Structures are given as structure tokens and as C-alpha cells.
Amino acid sequence: MSSDYVAGAVGGVLIGVASAVLLLGAGKIMGISGILTPFSTTPLTQFSLSPPTESGHIPVSDSLWRLTFIAMVLACSSLAGVISPSLASRVASNGSPWPLSLLGGALVGAGTTLSNGCTSGHGVCGLGRLSYRSFAAVSTFFPVAIITASLTGGLQNDPAPTEGHLYVASPSTGLYLAALTIGAALSFFLVNRNHAPPAADVGRSLLPSLVSGALFAAGLMISGMSDPDVVRSFLDLNVSSFEQWNGTLAAVMAAACAVSLATYQYKKCHPMEQPLLCSTPEPCECSFNSIPNSGKPDRKLFFGSTLFGIGWGISGVCPGPALVGAALGANTTIYFYLPAFFLAKAFASHMIKSPLIPLIPVDVSGTVDERDRTDPNTARLDTCGNPIPRDLAEKAKSWLSLVPQDKYAPTDGSDPTDPVSLSPSIAKGGISFISVEADALSLSLADSLCRCLDGLPRPTLVSCMSGARATAVSRMYLARRRGVRAEEVLSMAEEKKEAWVRNAKLVTWMKECLSDGDTTGFSKPLIFRQLFDKESSTYTYLLGDSDTRQAILIDPVDVNAARDTKVATDLGLKLRYGVNTHAHADHVTGTSAVRDLLGRESSFKSVISAASGAKADIKVGHGDKIQFGGRHVTVRSTPGHTAGCVSFVLDDKTMVFTGDTLLIRGCGRTDFQEGSSKNLFKSVWEQLFTLPEDCIVYPGHDYKGMTSSTIGEEKSLNPRLGGSKTEAQFAKIMANLKLSTPKRLDEVLPKNMNCGV
């Protein structure tokens, strides 16, 4: 028996390491029921061939990592079954009779949907991050499973399996399942390749899923958790002596949770901007946003955990071991448990969302309702009152307080105006105090709130004293951004019995904010100046926020640093960032010169893309936002002229600053600095020409006296890239330019790689 405990501990460590790899490498939670959920509850039409949008489409990268993880579990398990036929035979023969497998699969499917987790999600990962909800779930489903297994142990008896018996393993079936899932993952990527990240980036980002899936499968098989009989021998306490009881499951959970706890504590003490191998282009993917909030337990959690416990106790199988069992050819798992599991998940998901079927005692206040387009949860806005729940603060990357800073009550005995007392990530992401009082509501206040929320990184904590105004503000913001009318917002808020709808002034304000169909939230003008350097024909752009007077410079030139700083000073602007679209080859960047003029004690920082390889105070990548007051520009990676080129899109998408990637009726050269005509063509068509056609194009250079263009103009009139030009035609055009080397290349490029010094 001692050897079983050792194997259990070793397997538990592997399972814990698998969860750590997936979390730190890809920012994902290794909750098997959660990984499987989209494939049972999401219509196929939502696995869109278009990039992820607010409409609820499942991003390509999100589907790929799930498929990759599942495929790896199946493949490794199948391989183990081929190497050790006795393992496959034991797992299959120890399965429950098919009626119990059918019932168990249905209860586990419904239960995990309602409780949002199973032994891996709530058990290993949830307990590891010290989640209140997971403690409540585990404390519910473990006792229920023990009671159920003890009461139904006598029903597990079945005639000894013989050749052709239902419970004899069919390894070939498991291999087919593994091959089918791997094929599905590859096919999904190939079909969506135009909207997925580059293949090299996909390979990097999916590596954690591959490693985690292999470790998870190995951990289950080494520990014996893939064998239903081993699990039932722990849950079934109806034994004549203690020696007959098998405590291996306890060793597995203890070891796995210990590794998981260490991982989450490491992440908590060493905040990470993004997962180690995350390289997908969407900013919501390059984060730890899949880690759920540790909210309060509710009736839905307890009810779902009870159903899961009953199903687990009956069958001895939960979602992870079910995948391993299927791969090993366990026929009852393949033909009864898994179909019932997926159907029950789909049905339970429908019952949660449908108000017409009130059969499940669900508290929907924390549930994302797809009918509700202004639900703050859909945009990673966490609303709350005071005191602020510590678990929400630790997860958030920014904080918008609707209570004046001098009136905020202390939280947990500390000063809440000190961001570090809440969370290091909040301190880094930003804190804003905008007072929202019932007697001082206005459209200009709504504009300020929208600008502020646009610039704060997600997840964002929105708080007031009671949580009512926080919810109203979040709904107003999302309604403006998503074009939702006031009637729809009020209807959903009333259905969910939100407190703010009982405040007549807030309701009137909501109607006024949304009455004219305004969805921009930018009523105050941007301060904007286009400046020119005659020697290099370079454009420098000054952008300022009219409220806070904070500003940025895009592509400053060293010889014009005094002019640029004087223009900013004359306009009453405070320069915050000097931003470069790439490492230039025809002029020296002015970021260091501007900083010297402003003084070393100033907060002015230089910014350039990490892909450029150049030095700067701040390195940025695709999807990052550069904030100046209530406004921001979003970074879009547009390599081609150089490997590190980026463009900057204004928050309302009325302007784009393209550097040398897209010029007026032209584009930058691609014959040096790791340039690539293929990459430039792709960058322009996928990152720039997808912007609104009336979006104004402000290039990095112009040699013919032109100052700006539009996306629509360049799509139709650009002789190199526009119209019906193909990539091959563009490559031929660029190859035949025969351009001379820039005159100052050897002088300026080394300086620009060192921030202009």
C-alpha cells in the first residue's frame, strides 16, 4: 500500500507541475471541465473565422490551446496503452456498469457547468490559489461523493469481462480519438490561419498546452487516478477494515495542491505582465485574465458541486480521467459517460441562460448573460462597494474609484489611497478618482468616465461606496461603446434587480447619456499638431489630452527637440512619452534630446517596440496602450519596413500614425534592417486596411508636400499596395526599386539603437 501512496504523490506532483506550466506559460487555468466547456456549450457558428470581437466569438488562439491540451492528453494516454496493454485493460474493466456511467456522466456534466469546476479546477487550481469558492465547492463535492460511493458500492458488481465484453478495452478506439482531436486542432488552425497569429508565435504559445497535457496524463496514470476502481476505493467507506481503504487519492490531491499553492504564491509575489510564452496578438490573450475572481459562494455553486459529487461517487470518473480512459479504450466512458457529460453540460448551460426554465436555484448576479450586452463581466470590469474585496483587488490591473480620494474609507486597516496596499499590478496599471455624485451628473462627466475606462488596462476594478454607481457607470460605458440603447440597459438592470435603477437621478442620467446615440465618449477635442523636419522630410506628431494636458510626441527628431518642447509648453502640455514607430535610418530620434531639455527629474520616457531590439525606457508590443491623460494610442505591430515597425491607432480610430509602413501613395523600403515585402504587405492589409476607411493616415515621411491621407484612399489609390495588388505583384515592385543606401545610415542607426545617444 505504501508504494501506492508514493506513486500517488509522484503523480500528484506531475499534475501540479502541469497546472503550473499552463498558468505561468500561457496564463490558463488547468480546469478540465472548463477546458471542455466551449466544445459543448458554444454553437459551432461562434467558433468564428473572423478575429475575436465583442459579439462573443471564440478567439482562434483560445480554441487552439484547448484542442492542443486535449489532443496531448489523448495522445500520451493512447501511447501508454500501446506500451502497457495491461493498463488499458485494467482501466476499462474497472469501469462502472453502463447505466451508472451514463448517469454519472450526466450529473458530472451538469454539476461542473453550474459550479464552474471539478477536481482539477476547484481542487488543484482553486485550492492552490486559496479561492473561497473552491474551498466551498471541494467541501461540498468530496463529502457528497463519499456518501454516494458508500451507498452505491454494491451496484458496481459486474460479471468478469470476457472477449467481446463491453468492458474489455478497445485501444484502437482511443487511438482514433487522439488522432481525430489532433487533426481537428491542425484543421482549425489551417482554416483560420488568416486570422490566427503567425505560425511561429502559435507554436510558442501552444507549447505550454503540449507540455501540460503530457504531464497531466502522465500524472493521472502514474497515480492510478485514471482507474475508476482506485478512486472508488477511496470514496467508498463501506469497508470492513481500515486496511481495505485506499487513501491514494488524498496523496494525489495533497501533492498537486502543494505545487499549485507554491505556483500561485510565486506569481503573487513576482507579478508578471504576461505569461512567459504568450505571443498572441490580442491583448486579452497576453494576460492572466483567465484566472477567475474568487467571489462569494452562491446557491449555484453548492447545487452544482452536489450534482458533481453524486456523479463522481457513482462512476468514480471525473472529466480528466474520462479523457484518459477514453484514450485507453474504455468503452463505457466513450459510449456512455462522455456523451452524457457533454449533453448535460450543454443543457445546464442553456438552463442558466434561459429565464423560461427556472428549474435550477441559480443566483445569476455573477453569471455572464449573453443577452446582456452591457454586463460589466463581459468587458472584465469588476464592480464593488467599499470595503473593496481583497480578492478582486489582487486580480485587477487598474482601479477607477467613483468616490473622492479624501473620502475613501480605509480598507483592511490600510490606506486605500496607497495603490500598493491593494495590489502591485493596480499600482502599475493606474488608479483614477472621478467623483460621481447624484447631484452632479452630466454628459461631460460621462465623457470623462468613458475616456478614463478606455485607457485603464483590464481587468479594471470600478468601485463606489455601495457598488450601485459603479455598476451604472460600467453599464453606461459599455452601452456607449457597443451602441446599446438606454431601454435595453434599463431592462436588463431591472431584471437583475440592480440597486441603481431605484435611483431616479441615475436613471435619468443614463437616458441622457444614451439618448443621442453617442457611442464615442470623446466630446472634448484632441490637441494635435503635425510638425515637419525639412532635412529628412520626417513628420513628428504632438498629441495632447485637453483635460489633463498630458501629451506624447511621435517620431521626434533630435535637431528639432527645442522646437517640439516649446510647442508643447506654449500649449500648456506636459510631455509624458517620446514614441518611435521604429529605429530610423535617416535621422536621429529626438527622445533623449527632449528628455535632456525637460530635465532628468521629469517623468518623460522614451518608448519603442521590443521587436526593434533598440534601447528605450519602455518596450511595447502589439495591443499595448500608450496612455496620455484620458486618451491613448494602441500599438499595432506592422513589420516589413523593419522587423520592429509599429503603428499607433488613436483610441477612437479616427487617426493612425503609420511611420514608414504606409506612406501617402507609397510605403517604406524593405531591403534592409530585416525588411520583408511579404511582412509589409501582410501588415498593411491585416493591421491598417482593416481600420475604418475614413480613418486619417498620418505617415512618418512625405517627399511631395502631402500631409495626410485616409485608409479608404490608400486602399484604392496606393500604387504599390492598393486596389487589387497581390503579394507577388507587390514583392516584384519592391524588388525593382533599386534604392540607394540612406546617406546617414552608418551614423544614425547605432545612435537610434541606443535611444538617440
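Please read all numbers here as calculations on a predicted model, not as lab measurements.

Draft legend 1. Fine view of the pairing of strand S7 (residues 550-554). The element S7 is extensively covered by neighbouring structure, given that 4 of its 5 residues are classed as buried. In terms of strand pairing, strand S6 (residues 538-545) meets S7 through 4 bridges, oriented antiparallel. Note on S7: the bridge partner recorded for Leu543 is Ile552. The loop that links S6 with its antiparallel partner S7 comprises 4 residues; one of these, Arg549, has a positive phi angle of about 70°. Note that S7 and strand S8 (residues 574-579) share 5 bridges and pair parallel.

Draft legend 2. Here's a closer look at the pairing of strand S11 (residues 625-628). Where S11 meets strand S12 (residues 631-637), 4 bridges bridge the pair, whose relative direction is antiparallel. The residue bridging Gln627 from the neighbouring strand is His632, located in S12. Between the antiparallel neighbours S11 and S12 lie 2 residues, among them Gly629 with a positive phi of about 65°.

Draft legend 3. Structural context of the layout of surface pockets. Approximately 860 Å³ is the volume found for the second largest pocket. As for the second largest pocket, its lining consists of 27 residues, and the residues nearest its centre are Asp586, Leu663, His701, Tyr703 and Leu739. In the lining of the second largest pocket, the residues fall into 9 nonpolar, 8 polar and 10 charged.

Draft legend 4. Examining helix H13 (residues 299-315) more closely. In this model H13 runs 24 Å from its N-terminal to its C-terminal C-alpha over 17 residues, within 8% of the 24 Å that 1.5 Å per residue would give. With 12 of 17 residues buried, H13 is to be regarded as a mostly interior element. All of the buried residues in H13 are Lys300, Leu301, Gly304, Ser305, Leu307, Phe308, Gly309, Gly311, Trp312, Gly313, Ile314 and Ser315. Just downstream of H13 lies Gly316, where phi reads positive at about 75°.

Draft legend 5. Quick look at empty space enclosed by the protein. As enumerated under the stated definition, the model contains 4 cavities of 30 Å³ or more in all. Surrounding the largest cavity, 17 residues form its lining, Thr119, Leu220, Met225, Met253 and Cys318 being those nearest its centre. Broken down by secondary-structure element, the contributors of at least two residues to the lining of the largest cavity are helix H7 (119-128), helix H10 (199-223), helix H12 (248-269) and helix H14 (319-327). Considering each element in turn, the lining of the largest cavity owes the most residues, 4 residues, to H12. Of the residues assigned to the lining of the largest cavity, the class counts are 14 nonpolar, 3 polar and no charged.

Draft legend 6. Looking closely at the pattern of salt bridges. As enumerated under the stated definition, the model contains 16 salt bridges in all. Of the charged contacts, one joins Lys496 and Asp375 as a salt bridge, the two residues approaching to 3.6 Å between their closest N and O atoms. Placement of Lys496 in the loop between helix H20 (486-495) and helix H21 (504-515) and of Asp375 in the loop between helix H15 (331-353) and strand S1 (381-384) is noted, with a sequence separation of 121 residues between them. Judged by its relative accessible area of 4%, Asp375 falls in the buried class. A salt bridge links Glu693 to Lys715; the shortest N-O distance between them is 3.4 Å. A residue pair is termed long-range when its members are at least 10 positions apart, and Glu693 in the loop between helix H24 (677-688) and strand S15 (696-699) and Lys715 in helix H25 (residues 711-717) qualify at 22 residues.

Draft legend 7. Structural context of the nonpolar core. Of all hydrophobic cores here, the largest spans 62 residues; its most connected members are Met30, Phe216 and Trp312. Those residues in contact with Met30, other than ones at most four positions away along the chain, are Ile15, Ala18, Ser19, Leu22, Ile35, Phe69, Ser120, Gly121, Cys125, Ser212 and Phe216. In this structure, Leu400, Ala468, Val489 and Trp500 belong to the second largest nonpolar core, which totals 37 residues.

Draft legend 8. Quick look at the sheet that holds S11. What the 6 strands build is an open sheet, ordered S11-S12-S13-S14-S15-S16; its pairing is mixed. Each edge of the open sheet carries a strand with a single partner, namely S11 and strand S16 (709-710). Judged from the 2 bridges that link them, strand S13 (residues 646-650) and strand S14 (residues 655-659) form a sheet pairing that is antiparallel. Of the residues in S14, the one forming a bridge with Val649 is Val656. Seen against the sheet, H24 touches S12, S13 and S14 and runs at an angle of roughly 140° to S12.

Draft legend 9. Here's a closer look at the packing of aromatic side chains. Under the counting rule described, the total for this entry stands at 22 aromatic pairs. A ring pair is formed by Phe69 and Phe216, whose centres lie 6.0 Å apart and whose planes are at 40°; its orientation type is tilted. Of this pair, Phe69 sits in helix H4 (residues 60-83) while Phe216 sits in helix H10, placing them 147 residues apart in sequence. A residue is classified by how much of its surface remains accessible, and Phe69, at 1% relative accessible area, is buried. The exposure class assigned to Phe216 is buried, which follows from its relative accessible area of 3%. Three or more aromatic residues joined by ring pairs form one cluster here, namely Phe141, Phe142, Phe234, Trp245, Phe308 and Trp312.

The rules behind the values
- Residues numbered from 1 in each chain as written.
- Predicted model: local features only at pLDDT ≥ 70, side-chain atom pairs only at ≥ 80, totals over all residues.
- Heavy atoms only, no water.
- Buried < 20%, exposed > 50% of the residue type's maximum accessible area, 1.4 Å probe, protein only.
- Helix = DSSP H or I, 4+ residues; strand = E, 2+ residues; numbered from the N terminus.
- Pairing = 2+ DSSP bridges.
- 1 Å grid on protein atoms, 1.4 Å probe; cavity = no way out; pocket = protein on both sides within 12 Å on 5 of 7 lines; lining within 4 Å.
- Points joined across faces, edges and corners; volume = space filled by probe spheres on them.
- Nonpolar A, V, L, I, M, F, W, Y, C, P; charged D, E, K, R; others polar.
- Expected span 1.5 Å × (residues − 1).
- Salt bridge = Lys/Arg side-chain N within 4 Å of Asp/Glu carboxyl O.
- Core = buried A, V, L, I, M, F, W, Y, C linked by side-chain atoms within 4.5 Å.
- Contact = heavy atoms within 4.5 Å.
- Axes fitted to C-alpha atoms, helices over the stretch in contact; angles between N-to-C directions.
- Phe/Tyr/Trp six-rings, centres within 6.5 Å; stacked < 30°, edge-to-face > 60°.

Nothing here speaks to function; it is all geometry.
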